[in-house]
Amino acid sequence: MVGIFGSKTVLHITDESLYVYKTIGKVVRLIGVMPWSEDLFVPKLTDILEKDAGGAPVTMLYDAVDQHYRKERVPQVSFFDSGKVVQRKLNLAFPSYPYKAYLKLSKDGNKTQKKQEEGGLKANPYLFAACPDSQYLQLILAALSQSGVSIDGFGLLPVESAGMLPALAEKLSSGSSNTGSGKLKKPRKKKNQAMAAGNQWCVFIGQNKSGGLRQIVVKNGDLALTRISPIVETDADPDLWVNEINREFRATMTYLSRFGYSPADELSIAVIASSQQDDALQQALGRENVKVHVLETSHAAHLLGLRIEKDVEARIADPLHVAWTAKKTSLNMPVHGKALDEILVPRKNAFLAGIVGVALLAGASYYASTSYIEYYKTSENLEQANRELTQVESIYQSELDRKEALGINIQLIQNSLFIEQQLKAANIDLFDMVRKIRQAQQGVIKLEALKIERLGEDVTSTDTNTQPELDTETGLPIVPPIAKLTLGMSFSGDTDIVRGNAAVRSFGTRIDQNLPDNYEVSVTKILKDVSYRGEITREVGLSDGQAQAQIGKLTAEIEVTIFPPAQEEESAL
Amino acid sequence: MIDIIGMKRILTIGIIIAMAFVLSASAYFFMTPNIQTINNEYSSVSSQASTKRGEVLSLRQEFTELQGTIRDFRLLEEEGFFINQNRLEASEIVENFRDIVGLNKARLEIDPGEILENQKAQEAGHVFLQSKLNLSLEAQDDLEIFAFLKLMQDRFPGQLLIEEMNIMKTRDIDEVVLRQIGTGTPVTLMQADLVYNWITIPAEEDLE
């Protein structure tokens, strides 16, 4: 949990005093120091938390002497039961402590041995921790209860800072002096490599503001040992200060052998101290397979990518622990206790409810705003459409007015032209037909008669619903002829019949060639059929010349059947 | 519980959730139906505007086409397509054509007119008037007959549809005929009988 602008409050709990840090972004600032003996401790702390810290969520970082650790193996059970089993084991391990926590450690050591220990069952190593209910915690919880701020969590400083050691060691070993960015690489891979090669030990030595020397020993990334011991409060006497550090480190080393440390193992020591004590500390702590790094607080913070106040003493490690913890999104090993949970859980739930409420509000705001935007846009579109409609109606009216201004009846124009076209289509183009027939005459044929007879129904009928008769073979509509033209010809009686017949037929052919496709030409009567099908009467002897000529006058007929012209596209009218 | 969480925080959460509810409810119960209504209205107005726009385009196209059509219509008017088939005028026209062409004889018979059913004419408030027109012509030359027929086709009011036509030579040219022609005596060598359907579409009120 974080407050507005990512702010957090970290309460650094030591045996002497309570240090109140505020983080805004990545910068950690000390905003209050409250000795436990302070009068009106609770109201003052409440005031600090509400006003100076701005009500930011609080992380409690326990750095007092009275904290207890135990490494236990818990049989591996199903995921759903593991929590209960571990909690039960934790309660058995620390039955009288109200504040407890556990952390699953990475597996190491001899598997056969582990199985033997657990009677053949698979087991996981856990770090159990507990601290007693103290007046310090009661005062803090009372202040938290009064202030109303959210509680981010309660963590133990050595456990929470354990991760800082491999990160720092990695930076130092990879020549971190020229890596100004301070960005950390994940130490996991390195750790696994170390596990494969042998144990890797890191020791962090830093003095608190309260004077205690906090030593944290990490084995392969997991917390192995932590100690806090009183030493001289300042390094005004460098020799004394270095000697005391050396003494406490030696004491720690005596414990380390119990945790499996051998002189052959790689050991990296990071001491937070003024650079003036570098040589002395190197000399005092250094030996074979041991790397000693003496760092000032600001330098260590820089390497770890942490931002702390500039005026911090070079040997004071508190801001490092606080900044490292504040940087985390969640604690590694959150401590739980009834009194704490009574405040923490409801407030956490309230915080979550607040988050949910804010999310709902954001969602509702988005929904409402999009709805309103859509409403606004649609309204705008409607207005625009209304304007367009008015404009178009106006244009339409002006077009109508323009049309009316012509003073004509449009329907009369259209319909009368339609009727006229229909009539023209039904009419026979007499003059064109006669002209083509005259061309075909070629001055040889003499026409006696020209007769046109219209066939079929009344051409003026406008009934278009009549279905045309269909050809039974092709299925296509049968087009009936509209008219018949008969051409009558006469020849003198002494005309050579064969040549005359040929002339008639030739005339018919020429007419057919001259006329369009919708005309069918046929010779219906020739001068005389002189074939076997024909009949002939011939009188021989003297007679009246004229009568002879009249009797001998020969006639022929050509018939032209006229069909309607091929259908054309209907007029746009 | 309230003391631990704090009344201020509870109120804040409550107000936030209430605001979220009010905003959602107002958007769902007020804005959404209104949007739907406006959308429907917008669709309707857009559709109307689109239809009207189409009508305007159609009107403009018609207007452009009408420029040409009106010319044809005026010609129809001039050709007498809307007259009420006055028989006296028709006979005068035929007589006039005969004089122009120089036919020996032209006989005109017009049957009583019939009003036929024609939807297009009715839509325009007119009637489809058809009369049977019989022509009997006598001429010395067939060219005179065709010239007369050409005049009938081009200048007779309304539309003439040929129903029947029979042009025949009535007499051969012999010495007598040639003599008569030489002395200027009219000689009929050709005869034509024609039946036309004479069609016009006069206004209904013109027939009353």
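To start, this report covers the structure provided alongside it. Please read all numbers here as calculations on a predicted model, not as lab measurements.

## Quick notes on the interface of chain B and chain A
Next, step 1: Contacts between the two partners involve 67 residues from chain B, matched on the other side by 66 residues from chain A.
Next, step 2: Those elements that provide at least two residues to the side of chain B that touches chain A are α1 (2-5), α2 (7-78), α4 (119-123), α5 (142-155), β4 (159-169) and β5 (190-200) of chain B.
Next, step 3: Residue contributions to the side of chain B that touches chain A peak at 37 residues, all from α2(B).
Next, step 4: For the side of chain B that touches chain A, a count of residues per class yields 36 nonpolar, 16 polar and 15 charged.

## Points about the sheet that holds strand β11 (residues 222-230) of chain A
All names here are of chain A.
Next, step 1: Overall, mixed pairing links the five strands, which are arranged β11-β10-β9-β12-β13 in an open sheet. Of all the strands in the sheet, the pair left with one neighbour each is β11 and β13 (290-295). Taking each pair of neighbouring strands and ignoring which way they run, the sheet shows an average axis angle of 15°.
Next, step 2: The sheet contact formed by strand β9 (residues 200-207) and strand β12 (residues 266-272) spans six bridges and is parallel. Considered in β12, the bridge of Trp201 is made with Leu267.
Next, step 3: Docked against the sheet, helix α8 (residues 238-256) engages β9, β10 (212-219) and β11, running at close to 35° with respect to β10.

## Comments concerning the nonpolar core
Next, step 1: Residues A:Ile140 and A:Leu165 are the most contacted members of the largest nonpolar core, which totals 88 residues.
Next, step 2: Among the elements that take part in this core, helix α4 (residues 135-147) of chain A stands out by supplying six residues, more than any other.
Next, step 3: Once residues lying within four places of it in the same chain are set aside, the contact partners of A:Leu165 are A:Cys202, A:Phe204, A:Ile216, A:Val218 and A:Ala270.
Next, step 4: If you look at the next biggest cluster of nonpolar residues, it comprises 60 residues, including A:Ile452, B:Ala139, B:Leu149 and B:Met152.

## A few points about α2(B)
Next, step 1: Taking 1.5 Å of rise per residue, the 72 residues of α2(B) would be expected to cover 106 Å, and the 100 Å separating its terminal C-alpha atoms lies within 8% of that figure.
Next, step 2: Remark: the principal bend of α2(B), roughly 40°, maps to B:Gln67.
Next, step 3: Turning to α2(B), its buried residues number three or more, namely B:Arg9, B:Ile13, B:Ile16, B:Ala20, B:Leu23, B:Ala27, B:Ile35, B:Tyr42, B:Val45, B:Ala49, B:Phe73 and B:Leu76.
Next, step 4: Buried residues belonging to α2(B) abut α12 (338-405) and α13 (410-426) of chain A together with α1 of chain B.
Next, step 5: One or two positions beyond α2(B), positive phi appears at B:Gly80, with a value near 80°.

## What about the packing of α13(A) against α2(B)?
Next, step 1: The N-to-C vectors of α13(A) and α2(B) enclose an angle of 65°; their axes lie 10 Å apart at closest approach. Here α13(A) is positioned roughly perpendicular relative to α2(B), judged by the angle of their axes. The interaxial crossing formed by α13(A) with α2(B) has left-handed handedness. Only B:Leu66, B:Thr69, B:Ile70, B:Asp72, B:Phe73 and B:Leu76 of α2(B) make contact with α13(A), whose side of the interface consists of A:Ile410, A:Ile413, A:Ser416, A:Leu417 and A:Glu420.
Next, step 2: Here the residues of the contact of α13(A) with α2(B) are counted per class, giving seven nonpolar, two polar and two charged.

Basis of the calculations
- Residues numbered from 1 in each chain as written.
- Chains lettered and ligands numbered in written order.
- Predicted model: local features only at pLDDT ≥ 70, side-chain atom pairs only at ≥ 80, totals over all residues.
- Contact = placed C-beta atoms within 7 Å.
- Helix = DSSP H or I, 4+ residues; strand = E, 2+ residues; numbered from the N terminus.
- Nonpolar A, V, L, I, M, F, W, Y, C, P; charged D, E, K, R; others polar.
- Pairing = 2+ DSSP bridges.
- Axes fitted to C-alpha atoms, helices over the stretch in contact; angles between N-to-C directions.
- Core = buried A, V, L, I, M, F, W, Y, C linked by C-beta atoms within 7 Å.
- Buried ≥ 20, exposed ≤ 12 C-beta atoms within 10 Å, placed from the backbone.
- Expected span 1.5 Å × (residues − 1).
- Bend = angle between axes of the 7 residues up to and from the residue.
- Parallel < 35°, antiparallel > 145°, perpendicular 65-115°, else oblique.
- Left-handed = near helix turned anticlockwise from the far one by under 90°.

The analysis is restricted to geometry; functional conclusions fall outside its scope.
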